[in-house]
Number of protein chains: 2
Amino acid sequence: LSLSEFDIIGKYFNQPGLIPEPGNTTIPLAIGDDCALLDIPAGKQLAVSMDTLLADLHFFSNDDPALIAQRALAVNLSDLAAMGAVPLAFTLGLSLPRAEDSWLKGFSEGLRHAVSRYQCPLIGGDITRGNLAITIQVHGLVDRGAAIRRSQARVGDTVYVSGELGAAGLAVGLLRNGMSLNKPDRHELHQAYYDPQPQLELGRICVGKVSAAIDISDGLLADAGHIARQSGVGMELEARAIPVAKAVKRFLGGLGDNSGGVKHALSAGDDYQLLLTVKSEQEVQLQKEAEASKIKLTRIGKVIKGSRVRCLDTAGEEIVLMRAGFQHFS
Amino acid sequence: LSLSEFDIIGKYFNQPGLIPEPGNTTIPLAIGDDCALLDIPAGKQLAVSMDTLLADLHFFSNDDPALIAQRALAVNLSDLAAMGAVPLAFTLGLSLPRAEDSWLKGFSEGLRHAVSRYQCPLIGGDITRGNLAITIQVHGLVDRGAAIRRSQARVGDTVYVSGELGAAGLAVGLLRNGMSLNKPDRHELHQAYYDPQPQLELGRICVGKVSAAIDISDGLLADAGHIARQSGVGMELEARAIPVAKAVKRFLGGLGDNSGGVKHALSAGDDYQLLLTVKSEQEVQLQKEAEASKIKLTRIGKVIKGSRVRCLDTAGEEIVLMRAGFQHFS
């Protein structure tokens, strides 16, 4: 098989369903020129975020390429969700060891599925021959001045988390140990890891209602630490309130509030739920709108003075983790 | 040495001289949150372009890291130049095999130099542990509807190229064969390869004056082919008019119009000069403004009917290359 970069782009990527629909006035030019063009509507700001996923570090190289593609876009969109931004478009830097038709077909199909689901077309990028690696930059729109930042949490705010935690991280652990997720009792884990749900709808609901937000990619405690540091506050979380995923409870057992399951949920990344700090006068409205959208929100603690994030069990003892979250180069 | 991703970002990248200056209203938020924010001025569109540079494919891994950084940003900015866009900001996806202080210091110094020179600060990105690879997305501003595209060349337009061609490609050839560029007679080659000059000023001059433009990264004939295909036209170039770099003439000798030097200049990429098609009524004004800015522009041919790009020698014979330009996966 001997395809040039241009052949690959034309055959697998510059295709209906992946690129913007004709007449999209916000994206007057996409793939095929020196640059793509974006025409940002008046009153909006553009939010951008870039993430690199490397084979066998951030995903498994022998994974179904459609699932690799879907997950790669989803985890990037999670950063838009955390700012309250609406997806607009993405660029893709793809390094591939070889131009293999079945892999490229699967990858572009998975991407097409995600593009349709999140209404976020492909507008450009680069394809190179190298170790399998995916760099995606997502671009989203948010009302001017309305983006949710990490730095605005205030003492007295309440801390919430969306969804349930730990399933994706458990899936990664099992996969790393060569175990399969294709057994019936592991469906929830398979879904959690391969089909993470960027909390875009929740992000939109949060605009104007939360003081700070972050998506949980490094682990709940580690990401809470980012908000704390950037806002100049501390946090106190209640272990018994942490919403641990059912599969984590089932697999890790021991459901006391200082159990392995809770510790796992505090340190596992990859769930891409949102961690929020909310002013007390906004809590009722936020809960109401989340409920109307069938989004689970759990109150897990409060913002306090100081600079540390602590999670306490019912006896008031701090739960100490061996490892606070995922960090490269550590 | 054990630095986390956050340590590396803080120590080498989230630093004055690299990030936007405080009070930059077009970039209200840069490194440190889930996304960066851009506030595009009224009447402007955003031009974006992403390129990946892999060690030992697009650059040499043992190169001076400051030169790697400078070149990586410059070649990306060349895509903005080709659209007539003004640099605004860039994002960086950096994969590194290890967190080595001297390399990171050199790389960030080179980047700082380029940021200052091109007025294009760093607003975000991602650092991962893997084989050395650099993905950069550049963002630029252009007046709404004024971006120069590849698709608008028309029969009768004149073809121009900026600068001189072939020096950077010759440098790559010498380096690949283990030869040094640090000898006195190779200074021009060293500069051409390690310090390519994105033609940003020329790009701005071209807005409203040229019908199509592309930066020459794949090679003159290959890139002319992109304009021809996307505009639905052909081109006829004159071999004797091609501005061959002095160093190429010196090293490759034989300066007839069907010589190795001309063939090299037709196929070499990496110079990042601009190839332009110009309506005849705009030629005088374009030449005048280019001259005022001390930019060399050479008339090398014309846009004709058809779909092929041909370069003819003085006898009217087509010059045939073995290899039309740089293509991955071919």
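Please read these numbers as outputs of a predicted model, since none were measured by experiment.

Colleague: I'd like to hear about the confidence of the model for chain A, residue by residue, with values.
Modeller: Residue and element names in this part refer to chain A. Per-residue pLDDT for chain A averages 91, and the proportion of residues at 70 or more is 95%. Per-element mean pLDDT across chain A ranges from 85 in helix 8 (residues 246-252) up to 98 in strand 6 (residues 158-162). This model gives residues 326-330 a pLDDT under 50, and the stretch forms 23 contacts once residues within four places in sequence are excluded. As a predicted assembly, this complex carries a pTM of 0.93 together with an ipTM value of 0.92.

Colleague: An account of the nonpolar core is needed here, citing residue identities and associated values.
Modeller: Residues B:Phe13, B:Phe90, B:Leu92, B:Phe107, B:Ile134 and B:Leu275 are the most contacted members of the largest nonpolar core, which totals 92 residues. Of the residues forming this core, the biggest block, 11 residues, is contributed by helix 2 (residues 65-83) of chain B. Filtering out sequence-adjacent residues up to four positions away, B:Leu92 remains in contact with A:Met50, B:Phe13, B:Phe107, B:Leu111, B:Leu122, B:Gly124, B:Gly125, B:Asp126, B:Ile134, B:Thr135 and B:Ile136. Of all hydrophobic cores here, the second largest spans 91 residues; its members include A:Ile8, A:Ala47, A:Ala171 and A:Leu220.

Colleague: Got a sec to walk through the relation of the copies chain B and chain A? Specific residues and values, please.
Modeller: The two copies are related by a screw operation: chain B maps onto chain A through 180° of rotation and 0.0 Å of translation along the axis, at an RMSD of 0.0 Å. Between the two chains, the operation in question is that of a two-fold axis.

Colleague: Report on the packing of helix 2 (residues 65-83) of chain A against helix 5 (residues 187-194) of chain A, specifying residues and quantitative values.
Modeller: Residues and elements named next belong to chain A. Interhelical geometry of helix 2 versus helix 5 gives an angle of 60° and a closest axis separation of 9 Å. The orientation of helix 2 relative to helix 5 falls into the category oblique. Contact with helix 2, carried on its side by Leu67, Gln70 and Arg71, involves His190, Tyr193 and Tyr194 of helix 5 and no other residues of that element. Partitioning the contact of helix 2 with helix 5 into residue classes produces three nonpolar, two polar and one charged.

Colleague: Before we move on, can you summarise the sheet that holds strand 6 of chain A with the specific residues and values?
Modeller: Residue and element names in this part refer to chain A. Ordered in space as 7-9-6-10-8-11, the six strands form an open sheet in which the pairing is mixed. The open sheet terminates on both sides in strands that have one partner only, identified here as strand 7 (210-215) and strand 11 (309-312). Averaged over all adjacent pairs, the angle separating strand axes in this sheet is 25°, with direction ignored. Here strand 6 pairs with strand 10 (residues 297-304) via five bridges, running antiparallel. Considered in strand 10, the bridge of serine 162 is made with leucine 297. The sheet contacts of helix 2 involve strand 7 and strand 9 (274-278), and relative to strand 7 the element is tilted by about 170°.

Cut-offs used in this document
Residues numbered from 1 in each chain as written. Chains lettered and ligands numbered in written order. Predicted model: local features only at pLDDT ≥ 70, side-chain atom pairs only at ≥ 80, totals over all residues. Heavy atoms only, no water. pLDDT = per-residue confidence, 0-100. Helix = DSSP H or I, 4+ residues; strand = E, 2+ residues; numbered from the N terminus. Contact = heavy atoms within 4.5 Å. Core = buried A, V, L, I, M, F, W, Y, C linked by side-chain atoms within 4.5 Å. Buried < 20%, exposed > 50% of the residue type's maximum accessible area, 1.4 Å probe, protein only. Least-squares fit on C-alpha atoms with pLDDT ≥ 70 in both. Axes fitted to C-alpha atoms, helices over the stretch in contact; angles between N-to-C directions. Parallel < 35°, antiparallel > 145°, perpendicular 65-115°, else oblique. Nonpolar A, V, L, I, M, F, W, Y, C, P; charged D, E, K, R; others polar. Pairing = 2+ DSSP bridges.

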